[in-house]
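Commentary on secondary and tertiary structure
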Amino acid sequence: NSFVARTNTCGELRSAHVGQKVTLYGWVQYQRQGLFLVLRDFQGLTQVIIPQDEAHSHVKELLSNAPLESVVRVTGTVSPRPLGQENPKMPTGHIEVKAETAEILNSCKKLPFEIKDFIKKSEALRMQYRYLDLRSSRLQSNLRLRSRLVMRMREYLCNLHGFVDVETPTLFKRTPGGAKEFLVPSREAGKFYSLPQSPQQFKQLLMVGGLDRYFQVARCYRDEGSRPDRQPEFTQIDIEMSFVDQAGIQRLIEGLLQHSWPEERGSIVTPFPSMTYEQALAEYGTDKPDTRFGMKIVDISDVLRGSNIHFVQNALSYPQGSIRAICIPQGVRYLTNKDLESLKESAKSQFNQEIMEIICRPDGSLKSLLTKFLGEKEKSELIQALNMQEDDVVLLAAGEHKQVCSALGALRLLSADLLEVAGLALRDPTAFHFLWVVDFPLFLPKAENPTELESAHHPFTAPHPSDASLLYSDPTKVRSQHYDLVLNGNEVGGGSIRIHNAQQQRFVLEKVLKEDSEVLSHLIEALELGAPPHGGIALGLDRLISLIVDAPSIRDVIAFPKSFRGRDLMGNAPDYVTPEELEPYHIQVSWPLEEKEAKKN
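Residues numbered from 1 in each chain as written. Predicted model: local features only at pLDDT ≥ 70, side-chain atom pairs only at ≥ 80, totals over all residues. Heavy atoms only, no water.

We now examine helix H17 (residues 541-548). Counted residue by residue, H17 has seven buried out of eight residues, so it is predominantly covered. Among the residues of H17, those classed as buried are Leu-541, Asp-542, Leu-544, Ile-545, Ser-546, Leu-547 and Ile-548. Here the buried face of H17 lies against helix H4 (137-161), strand E10 (233-242), helix H6 (246-260), strand E20 (482-487), strand E21 (490-497) and strand E22 (534-540). At the exit of H17 stands Asp-550, carrying a positive phi of roughly 60°. (Buried < 20%, exposed > 50% of the residue type's maximum accessible area, 1.4 Å probe, protein only. Helix = DSSP H or I, 4+ residues; strand = E, 2+ residues; numbered from the N terminus. Contact = heavy atoms within 4.5 Å.)

This paragraph deals with the sheet that holds strand E1 (residues 21-32). Taken in spatial order, the five strands line up as E1-E2-E3-E5-E4 and close into a barrel, and their pairing is mixed. Averaged over neighbouring strand pairs, the angle between their axes works out to 55° when direction is ignored. As paired elements, E1 and strand E4 (residues 71-80) share seven bridges and run antiparallel to each other. The residue of E4 that forms the bridge with Lys-21 is Thr-77. Strands in contact with helix H1 (residues 57-64) are E1, strand E2 (36-41), E4 and strand E5 (95-106); relative to E5, the strand with the most contacts, it is inclined by about 75°. (Pairing = 2+ DSSP bridges. Axes fitted to C-alpha atoms, helices over the stretch in contact; angles between N-to-C directions.)

What follows deals with the nonpolar core. In terms of nonpolar packing, the biggest core is built from 50 residues, with Ile-239, Ile-253, Leu-257, Phe-434 and Leu-485 touching the most fellow members. At six residues, the largest contribution of residues to this core is made by H4. Those residues in contact with Phe-434 that sit more than four places away from it in its chain are Leu-257, Trp-261, Ile-268, Phe-272, Pro-273, Leu-485, Val-486 and Leu-487. Residues Ile-297, Leu-340, Val-393 and Leu-424 belong to the second largest nonpolar core, which totals 30 residues. (Core = buried A, V, L, I, M, F, W, Y, C linked by side-chain atoms within 4.5 Å.)

Another aspect to go through is the state of the cysteines. Here a disulfide denotes a covalent bond joining the sulfur atom of one cysteine to the sulfur atom of another. Tallied over the full model, the rule gives zero disulfides. The cysteine Cys-10 is free of any disulfide, with Cys-108 supplying the nearest cysteine sulfur at 16 Å. No disulfide involves Cys-220; its sulfur sits 17 Å from the nearest other cysteine sulfur, which is in Cys-158. (Disulfide = S-S within 2.5 Å.)

Another point: unusual backbone geometry. Note that the residue after Thr-270, namely Pro-271, is joined by a cis bond; omega there is -5°. Structurally, Pro-271 can be placed in the loop between H6 and strand E11 (274-276). Residue Asn-488 is not a glycine yet carries a positive backbone phi of 50°. Mapped onto the elements of the fold, Asn-488 is located in the loop between E20 and E21. Relative accessible area serves as the criterion here: at 9%, Asn-488 is assigned to the buried category. The backbone of Asn-572 sits at a positive phi, close to 55°, despite the residue not being glycine. Structurally, the position occupied by Asn-572 is in the loop between H17 and helix H18 (579-582).

The subject of this paragraph is the packing of helix H11 (residues 337-351) against helix H13 (residues 401-421). It is the contact of H11 with H13, at a shortest axis distance of 10 Å, that shows an interaxial angle of 145°. Remark: the crossing between H11 and H13 carries right-handed chirality. For the pair H11 and H13, the contacting residues are Asp-339, Leu-343, Ser-346, Ala-347 and Phe-351 in the first and Gln-403, Ser-406, Ala-407, Ala-410, Leu-411, Leu-414, Ser-415 and Leu-418 in the second. (Left-handed = near helix turned anticlockwise from the far one by under 90°.)

If you walk across this open sheet you meet the five strands as E12-E13-E16-E14-E15, and the pairing is antiparallel. Whereas interior strands pair on both sides, the edge strands pair on one side only; in this sheet they are strand E12 (298-299) and strand E15 (366-367).

On to the packing of helix H7 (residues 277-284) against H13, then. At a minimum axis separation of 7 Å, H7 and H13 run at an interaxial angle of 60°. For the element pair H7 / H13, the angle class is oblique. Contacts between H7 and H13 involve Tyr-277, Leu-281, Ala-282 and Tyr-284 from the first element and His-401, Lys-402, Cys-405, Ser-406, Gly-409 and Arg-412 from the second. (Parallel < 35°, antiparallel > 145°, perpendicular 65-115°, else oblique.)

What follows is the structure, encoded as structure tokens:
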């Protein structure tokens, strides 16, 4: 309460304050028949008794007629609530304040929605009136937890481990590869800045500059269009270190999260488990496994290799052919035929993957179109390999290894959703399962042209030391020194040891990725002028906080987020500018015909 006129907040008064004269400021949350009101501020609620005697008639009239969400000042005396009228659910539920003087500081007109967490309101309306939505206890709690966590991170990095907090430029130039960047016009004709998708180049250059340990709460920008639960501008905890290896970065991050983790969310155990990319794909069908539940993908190729099933033999005839399956526990009991059909349709539409189902009957026998092609020995081996129990449902897929695993990985998550909706608890919402995923491929075939390669993450990632020679002979087989941090099936961080050799960096850009290295000439030149070995990581702060507080969307942990389509519905941005404002930037807008007509009308 320092620096302000109040004596106390609305959330701090207790029985120990009885008899004290206090001054409170806040919003009118509730008012009942001119008898009392509930005053709210950032810290909580206090019940205020409206005086009924003639001497305070002006106070009664003022508070009785104050519209909800009006801002008021109340001065009065703290009293115990009458016996039997205490509210143990409220921290201030044993006291009330008997108002003596009051002032309406700002009267509120009719609200577009009530400021109550349980009131349903559309997200579009919430974002249009974001300043009202911010008054809700949920958003207040989320943003305050975020602030405390970032403060603890600063303390750990700067005070305990000697990191330097450096602000890097927002206006830069285009980086080859990676996500699309926002362009910012300059007054030089035809020249544009780019908003950086991360401070990647700057933090590497800071290492060349000898800063040794860099950290920043960095604003980043990606022009990714309408992607669910993504934001065009977002925040990451950005870190870079000199003379470090992969294990060093991992230990730093584990310590950082342990130090900053909110006490009310329990404790986290370190070191975090680690898994290779190949293992994650083979067992979970994804590079960000949710390890809170089982239902792992099982390789049953050897079990069915001797069968006469045509599609099985056809799949196994290919070099990367594989037969794999997941076992859905109690699937017969919890999943309907419609659910099973939707799972198979999902695999077909998303991955072009056919799915076969096998059901374990109560007597232990198997029900499937496959069973007539299987001998008793194969059936028994299948039950054993998948650990099938009564009423379990198996989803089986055959085909190219990566496609099969990806399809089954998606079905594993969809099945878990369906089982939980039906009442089977699989994933503990209070559990936090961290996991390092390592040994990613350094390059991947381009989706639009598989004969060409692109960086699996970014072009500055160093190859795995064991695979360095393959970079020049068979780059498709090179593993990278990249590592992802996964929490409950969500990627919350990613980093790598960087290339610090100019010749190797130029080779990757020009020979492997077929990029113009001239765009990065400043970085390559820096690598020639005494660049130390270095590496780093970035944690996605928005995603991390949303998982900690179990928010349905990252928009619920950002003060002023953009909509699904990347718009600011409150300020109506982006917006049109006049031709006169564009003239200094040598830009003219070419309108589509229908928009021309709309602007005319």
